[in-house]
Amino acid sequence: MSPPRSTDAPQTESGGGARPGVVYLVGAGPGDPGLMTARSLELIATADAILHDRLIPAGALAGARADAELIYVGKAPGRVAMEQADTEVELVRIAREGRSVVRLKGGDPFVFGRGGEEAETLREAGVEFEVVPGVTAGIAAPAYAGIPVTHRDDASAVAFVTGHEDPDKEESAIDWPALAAFPGTLVLYMGVKNLPRISERLIAAGRAPSDPAAAIERGTHPGQRTVVATTEALPGAVAEAGIGAPAILLFGPVAARREAIGWLERRPLHGRTVVVTRARAQASGLASTLRALGAEVVELPAIRVEPRIDSAEVAAMVEGLHAYALVCLTSPNGVDLLFEAMAERGFDARALANATVAAIGPGTARALRARGVIADIVPPRSIAESLVESLREVDVEGRPVLVARAAEARDVLPEALAERGAQVDVVPLYETVRGDAAEEAVARARDADYVTFTSSSTARYFDETVAGEWPPAARLVSIGPVTSSTLSELGHPADVEASRHDPDGLLEALLSDAASR
Ligand code: SAH
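Here the structure is a predicted model, which means the values were calculated and not measured.

**Describing the overall build of the protein**
Scanning the protein for helices and strands turns up 18 helices and 22 strands. Considering only contacts in the protein between residues 6 or more positions apart, those separated by 24 or more positions represent 67%. In the structure as shown, the protein presents an accessible area of about 24100 Å², 51% of it carried by carbon and sulfur atoms. Counting 50 positive and 72 negative side-chain charges, the protein places the centres of these two groups 2 Å from one another.

**Quick word on the packing of helix α6 (residues 195–204) against helix α7 (residues 234–241)**
α7 packs onto α6 with a crossing angle of 165° between their chain directions and a minimal axis gap of 9 Å. Our classification of the angle between α6 and α7 gives roughly antiparallel. Relative to α7, the crossing made by α6 is right-handed. On α7, the residues touching Leu195, Pro196 and Ser199 of α6 are Leu234, Pro235 and Val238. Of the residues contributing to the contact of α6 with α7, the split by class is five nonpolar, one polar and no charged.

**Description of the site of the ligand**
Residues in close proximity to the ligand total 18 residues, the closest being Asp108, Val111, Thr136, Gly219 and Ala247. In this structure, an oxygen atom belonging to the ligand sits 2.8 Å away from a main-chain N or O atom of aspartate 108. Compared with its free state, where it exposes 550 Å², the ligand has 90% of that area covered by protein. Counting contributing residues per domain, the shell around the ligand is built from domain 1 (22–135) and domain 2 (139–265), each supplying no fewer than three.

**Considering the sheet that holds strand β22 (residues 496–497)**
Backbone-to-backbone hydrogen bonds pair the strands of a sheet. The strands run either parallel or antiparallel. One open sheet accounts for five strands, arranged β14-β13-β20-β21-β22; its pairing is parallel. Of all strands in the sheet, those bounded by a partner on one side alone are β14 (296–299) and β22. In this structure, strand β13 (residues 273–276) lies alongside strand β20 (residues 450–453), joined through three bridges in parallel fashion. Paired with valine 275 across the bridge in β20 is valine 451. Each of β13, β14 and β20 is contacted by helix α9 (residues 280–292), which is oriented at about 160° to β14, the strand it contacts most. Relative to the sheet, helix α17 (residues 481–489) contacts β20, β21 (475–478) and β22, its axis offset from that of β21 by approximately 140°.

**Examining a nonpolar patch on the surface**
Together, Phe112, Ile139, Val158, Phe160 and Met190 make up an exposed nonpolar region whose accessible area comes to about 400 Å². By relative accessible area, phenylalanine 112 is classed as partly exposed at 38%.

**Quick look at the packing of aromatic side chains**
The description of an aromatic ring pair uses the distance of the two centres, along with the angle that the planes make with each other. The tally for this structure, following the rule as stated, stands at six aromatic pairs. Among the aromatic side chains, those forming a connected cluster through ring pairs are Phe112, Phe160 and Tyr189.

**Focus on the side chain of aspartate 502**
Within the secondary structure layout, aspartate 502 lies in the loop between β22 and α18 (503–515). Sequence-distant contacts of aspartate 502, defined by excluding residues within four places in its chain, comprise Pro362, Ser382 and Ile479.

So, how was this worked out
Residues numbered from 1 in each chain as written. Predicted model: local features only at pLDDT ≥ 70, side-chain atom pairs only at ≥ 80, totals over all residues. Heavy atoms only, no water. Helix = DSSP H or I, 4+ residues; strand = E, 2+ residues; numbered from the N terminus. Contact = heavy atoms within 4.5 Å. Areas by Shrake-Rupley, 256 points an atom, 1.4 Å probe, with all protein chains shown as cover. Lys, Arg positive; Asp, Glu negative; His and termini not counted. Charge placed at Lys NZ, Arg CZ, Asp CG, Glu CD. Axes fitted to C-alpha atoms, helices over the stretch in contact; angles between N-to-C directions. Parallel < 35°, antiparallel > 145°, perpendicular 65-115°, else oblique. Left-handed = near helix turned anticlockwise from the far one by under 90°. Nonpolar A, V, L, I, M, F, W, Y, C, P; charged D, E, K, R; others polar. Near = heavy atom within 4 Å. Polar contact = N/O pair within 3.5 Å; in protein donor to acceptor, adjacent residues only side chain to side chain. Domains from an automatic or database assignment. Pairing = 2+ DSSP bridges. Patch = residues over 30% accessible without salt bridge, like charges linked within 9 Å, V, L, I, M, F, W, Y side chains within 5 Å. Salt bridge = Lys/Arg side-chain N within 4 Å of Asp/Glu carboxyl O. Buried < 20%, exposed > 50% of the residue type's maximum accessible area, 1.4 Å probe, protein only. Phe/Tyr/Trp six-rings, centres within 6.5 Å; stacked < 30°, edge-to-face > 60°.

Take a look at the structure:
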């Protein structure tokens with residue numbers, strides 16, 4: 001892996017954080033947090049106040065300042081948190097107080113987002129503003145469904161239309177005959193409820209009933225659903241599938257391209273909910289790989305790592321590090337905390353120069369490599385028994401050996417080494433305690449298809465976190481035999497066990513199970 005060229009986010013043209021007294025009309029994109037612009041994140045991170053809609057990506061406000069004022073002004077169908085006029089008054093008021101305001105909207109602020117009206121009000125009030133476009137649902141939802149809104153062979157134009165208006169209304173703002181004759185793709189927002197009449201109207205005005213059409217619900221969200229049918233059959237197909245708002249309707253031959261181009265739903269874990277129980281700090285790699293494979297991921301950190309490197313025991317170990325003949329590390333956490341403990345006392349990797357260094361598995365070896373140390377020994381299977389086996393070659397008789405690890409680990413390794421006459425120091429660097437899973441995550445985990453366990457402690461603390469109420473339909477995936485036996489003890493035997501006992505091995509086992517079901 002090559003290092004990133006720069007750790008800084010790309011510089012935005014408009015540059016810099018939110019300025020006092022300025023209103024930012026910002027698009028948050030269609031739902032996938034990855035589609036938020038760099039500029040939107042920069043402004044969210046610096047604004048004094050954020051007025052936001054309902055349809056913004058999950059976690060969009062996670063980067064907001066702890067002291068920022070967050071105001072929900074959304075309009076759920078039938079329920080309005082704040083009237084449009086009041087929202088505009090609020091924007092002006094906050095800006096005049098000399099604070100910076102982000103007005104955060106789903107998609108693009110100027111596409112059926114009333115951003116234009118808000119900008120006009122701000123201009124009239126003499127309030128400075130900036131507009132930050134967002135990825136609009138009308139392009140993004142089709143794209144995630146595998147439908148290009150234009151295509152050299154099929155569509156040289158695309159029209160964005162509101163389907164909100166009742167097509168039977170006497171004085172329609174929409175010219176249905178003109179739309180029916182439009183030489184390109186029609187993309188309708190807010191149209192699901194009116195779909196039967198929209199389809200009728202288009203056909204009555206001359207659109208071919210057999211023309212391809214599509215509806216995409218919750219586009220770019222993990223639960224995105226797509227229905228493709230003819231213009232005539234779409235209302236029936238949508239009703240049958242139970243598709244509801246928010247959805248994009250699309251009419252035009254490009255809809256048929258989904259068959260060849262559809263990509264999202266083809267991902268191996270599309271439509272599956274997977275729970276990751278690792279500690280928050282370790283979860284992100286596994287979680288993002290699972291997401292890339294199409295899974296909806298619930299991060300439920302069942303455990304938390306509590307460093308214990310301030311003890312006299314650790315201090316003595318670090319001071320005497322150069323004297324060990326063998327140093328055994330049994331987790332990436334152990335490596336990171338050992339080096340932290342060393343750095344605090346003025347030591348670096350050279351303190352390990354005299355020792356044979358053993359890592360329990362590839363993850364631990366990677367963590368060592370990141371600190372400039374290539375492990376001498378990495379056993380073929382990432383469990384203590386296998387490490388014991390691999391250490392056979394190392395002469396430990398009468399020599400000092402360090403096992404630096406978690407406080408509550410098994411004693412297989414130190415016992416085996418002591419049996420061979422080694423003077424073993426077992427030094428705990430951290431303790432594993434119950435994690436701080438959010439209630440919302442616990443609730444979402446109930447519907448999981450898979451729960452992944454990367455250690456015995458994740459299994460034990462998961463049991464506590466869900467108060468014994470395990471997700472009824474979930475398949476339990478264990479990283480290896482030790483974790484599996486803990487799961488059995490808890491009365492929830494593993495359905496799948498990895499044959500390679502590291503996160504990649506676990507992922508492999510999960511994927512092959514998912515492929516077979
Ligand atoms: N400014 C927004 C549109 C707001 S109007 C934008 O540029 O995307 C709200 C309508 O947008 C919804 O009724 C629906 O038609 C559409 N919409 C928003 N998010 C969507 C999504 N994730 N998937 C499908 N349609 C979506």
